[in-house]
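Structural overview
Residues per chain, in single letters:
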Amino acid sequence: MGADHNRPAPPTPPGVRRVLVATVVPLFVLTVIAAVVLWPRDGGPEVDGGSPVPRYHGTVTRVVTEECPPQPETPEGGGPGVADGPCGTVTVRVEQGPDAGQQVETPIPTGPGAPTVAVDDRIVLVKLTDPADPAASAYNIAEHQRGAPLIWLAVVFALAIVAFGRWRGVAALAGLAATFAILLTFVLPGIGAGGSPLPIAVVGSALIMFVVLYLTHGVTAQTSVAVLGTLGSLVLTGLLGTLATAATHLTGYGSEDATTLSMFRGDVDLHGLLLAGIIIGSLGVLDDVTVTQAATVTELAHANPGLSRLQLYRAATRVGRAHIASTVNTIVLAYAGASLPLLLLLTADSRPVTEILTSEFLAQEIVRSAVATLGLIAAVPLTTGLAAVVTAAGRTAAGHTAAGHTAAPRPGPADGGDVPAARTPGGGRRTADRNLALEALGGGRAAEGFPDDHAPIHPPAGRPHREGGTDTAW
């Protein structure tokens, strides 16, 4: 939102630092203790999935298509038909396994989701053995090899982040790695071992938040405010999710994936898993909003040190409203994009719309979107209020001399004085830049409302102060 995160933040007064440390450190310690208590001690019950089918890499060297043979007559008395195509054979050079280097023939893949192959395609073969005759085996094409394209995509992704974010981009990649590490070593194994998904998700999300925010944005007062705002919003999201799922009587069996999971892992609490998904899914948007709000308050205070705590809160909240208005649509579109097959299925459903909307699988998505949005809305005033209090307290503490007296304000043009251009190296330019920032923030009225950064915060003469507009005079 216009914040330059690369510029070092002004030093936080010792008193404010002590308050933040006394608040954040105990929460971090509690999170670590909870993670140790909830950490999975074993891998959960054994699941008998049978012996895995051998898979080998290969390259297509030849594709021969032919007319599909006629099918026999159906038992219902229908005439003979033609098998669904395509039909033919594919010659593949095996690159792994006992037949490495040999050419083998496989049928052209058919059926829903079958891969379409061509010469030089790198594919994955599965070797099927006849249970009645272990010596008889055959190869079939399972899918394309996707390792190399995914690696190149990951490299481009990482280079783009580092090129744009520089060292901050490197920290963001490290935070992403930490997120996956916590999910794969704590959250998923903990739920898979039969643990309660809700506390595991809350603790895992808190761990991710602490590591990622401080690693990406540095150990600063601004980051600590974002951490507190995110943690408070996460707790509120968990409470709202619990109430909403209980009021709508959701069971967690609203998707085919959940039903399949219940068949293999009957000890997993699917209702708790639904709540865990809501919390983890909300975290990615929450930290974006809280970091933005904390940075907005800091930048406003830097642009105009004369803003009071209430003025900082109101101005940053207006930025937050604009952010929320777009983010709400982002949440809904993200869920809609992930559920397009489900939405298409609903369009073909002949049931009444009210019955469709109140069904388990669609009500689950509605609750997920609504709860995430409510938690997001709560994050704006919570984080903005904390940031305004901390920023104003830090500015007040920094304005006192060592003897405990407030330094006299420097007279500016509004007081009949001159602004010393040599206050700092490049002081005149700094004052001009600040006035430009104020003009941009105030909708082009800085020159009318107050001529420099120390002028009183009043609306221009003849123009009433409008509380709700984004072009309010600063």
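Look a little higher up for the structure.
I will try to describe carefully the structure that is included in this document. (Residues numbered from 1 in each chain as written. Predicted model: local features only at pLDDT ≥ 70, side-chain atom pairs only at ≥ 80, totals over all residues. Heavy atoms only, no water.)

1. Here we look at the overall build of the chain
For the record, the criterion: Numbering of helices and strands runs from the N terminus, with a helix taken as a DSSP run of H or I at least four residues long and a strand as a DSSP run of E at least two residues long. The cut-offs for exposure are 20% and 50% of the maximum accessible area for each residue type, with area from a 1.4 Å probe on protein chains only; residues under the lower value are buried, those over the upper are exposed, and the others partly exposed. In what follows, a contact means two residues having at least one pair of non-hydrogen atoms within 4.5 Å. Where accessible areas are quoted, they stem from the Shrake-Rupley method and a 1.4 Å probe; at the residue level, only the protein chains shown are allowed to cover.
Within the chain one finds 13 helices and seven strands. A total of 474 residues make up the chain; the buried ones form 34% of that total. Expressed as a percentage of contacts within the chain between residues at least 6 apart in sequence, the contacts between residues at least 24 apart total 66%. About 26400 Å² of surface is accessible on the chain, with carbon and sulfur atoms providing 65% of the total.

2. A word on the pairing of strand E7 (residues 133-144)
Formally: The criterion for strand pairing is that DSSP finds at least two bridges linking the strands in question.
Pairing of strand E6 (residues 122-130) with E7, which is carried by eight bridges, proceeds in the antiparallel orientation. Of the residues in E7, the one forming a bridge with Leu125 is Ile141. A loop of two residues connects E6 with E7, the two strands running antiparallel in sequence.

3. A closer look at the packing of helix H3 (residues 167-192) against helix H4 (residues 197-217)
Heads up, the condition is: The convention used is that axes are lines fitted to C-alpha atoms, helices contributing only their stretch in contact, and that angles between N-to-C directions extend from 0 to 180 degrees. For classification, angles of less than 35 degrees are called roughly parallel, those exceeding 145 degrees roughly antiparallel, those between 65 and 115 degrees roughly perpendicular, and all remaining angles oblique. Left-handed describes a crossing whose near helix is turned anticlockwise from the far helix by less than a right angle; the clockwise case is right-handed.
Where H3 meets H4, the closest approach of the two axes is 9 Å, and the angle between their N-to-C directions is 165°. By the angle between their axes, H3 is roughly antiparallel relative to H4. For H3 against H4, the interelement crossing comes out right-handed.

4. Structural notes on the nonpolar core
As a reminder of what qualifies: Residues grouped as a nonpolar core are buried Ala, Val, Leu, Ile, Met, Phe, Trp, Tyr and Cys residues, joined through side-chain atoms within 4.5 Å.
Ranked by internal contacts, the top residues of the largest apolar core, which has 53 residues, are Met209 and Leu312. At the level of elements, helix H1 (14-38), H3, H4, helix H5 (221-247), helix H7 (270-303), helix H8 (309-338) and helix H11 (360-398) are the ones that each hand at least two residues to this core. With near-sequence residues (within four places) excluded, Met209 lies in contact with Tyr214, Val227, Thr230, Leu231 and Leu283.

5. Side note on the environment of Val104
As for its position among the elements, Val104 is in strand E5 (residues 103-107). Val104 gets classed as buried once you look at its relative accessible area, which sits at 12%. Taking the C-alpha atoms as reference points, Val104 and Val90, separated by 14 residues in sequence, lie 8.3 Å from one another. Apart from residues no more than four positions distant in its own chain, Val104 is found in contact with Val90, Thr91, Val92, Val94, Leu125 and Tyr139.

6. Section: unusual backbone geometry
The backbone phi angle of Asp120 is positive, close to 80°, even though this residue is not glycine. For Asp120, the location among the structural elements is in the loop between E5 and E6. Positive phi outside glycine occurs at Arg166, with the angle close to 55°. Relative to the elements of secondary structure, Arg166 occurs in the loop between helix H2 (147-165) and H3. A relative accessible area of 64% places Arg166 in the exposed class.

7. Brief notes about the packing of aromatic side chains
Note the following rule: Here a pair means two rings of Phe, Tyr or Trp (six-membered ring of Trp) with centres within 6.5 Å. Their orientation is stacked below 30 degrees between planes, edge-to-face above 60, and tilted elsewhere.
For the structure shown, the criterion picks out two aromatic pairs. Between Phe28 and Phe210, the ring centres sit 5.2 Å apart and the planes meet at 75°, which makes this aromatic pair edge-to-face. One end of the pair, Phe28, is in helix H1; the other, Phe210, is in helix H4, and 182 residues separate them in sequence. On the basis of relative accessible area, Phe210 is assigned to the buried category, the value being 3%.

8. Digging into the pattern of salt bridges
Spelled out, the test is: Salt-bridge detection follows one rule: a side-chain nitrogen of Lys or Arg within 4 Å of a carboxyl oxygen of Asp or Glu.
Summed over the entire model, instances satisfying the criterion amount to five salt bridges. For Arg122, the salt bridge is made with Glu95, and the minimal N-O distance between the two is 3.6 Å. Highlighted residues: Arg122 in strand E6 and Glu95 in the loop between strand E4 (87-94) and E5, separated in sequence by 27 residues. Assessed through its relative accessible area of 44%, Arg122 is described here as partly exposed. Linking Glu365 and Arg368 is a salt bridge whose minimum nitrogen-to-oxygen distance equals 3.5 Å. Of this pair, Glu365 and Arg368 both sit in helix H11, three residues apart, which is roughly one turn of that helix.

9. Remarks on the state of the cysteines
Disulfides are covalent bonds that connect the sulfur atoms of two cysteines. Test applied: The rule for a disulfide is simple: a pair of cysteine sulfur atoms within 2.5 Å.
Applying the stated criterion to the full structure yields one disulfide. Across the disulfide from Cys68 sits Cys87; the S-S distance is 2.0 Å. Given an S-S torsion of about 105°, the disulfide between Cys68 and Cys87 has right-handed geometry. Remark: Cys87 occurs in strand E4 and Cys68 occurs in the loop between strand E1 (55-66) and strand E2 (70-71); sequence separation between them is 19 residues.

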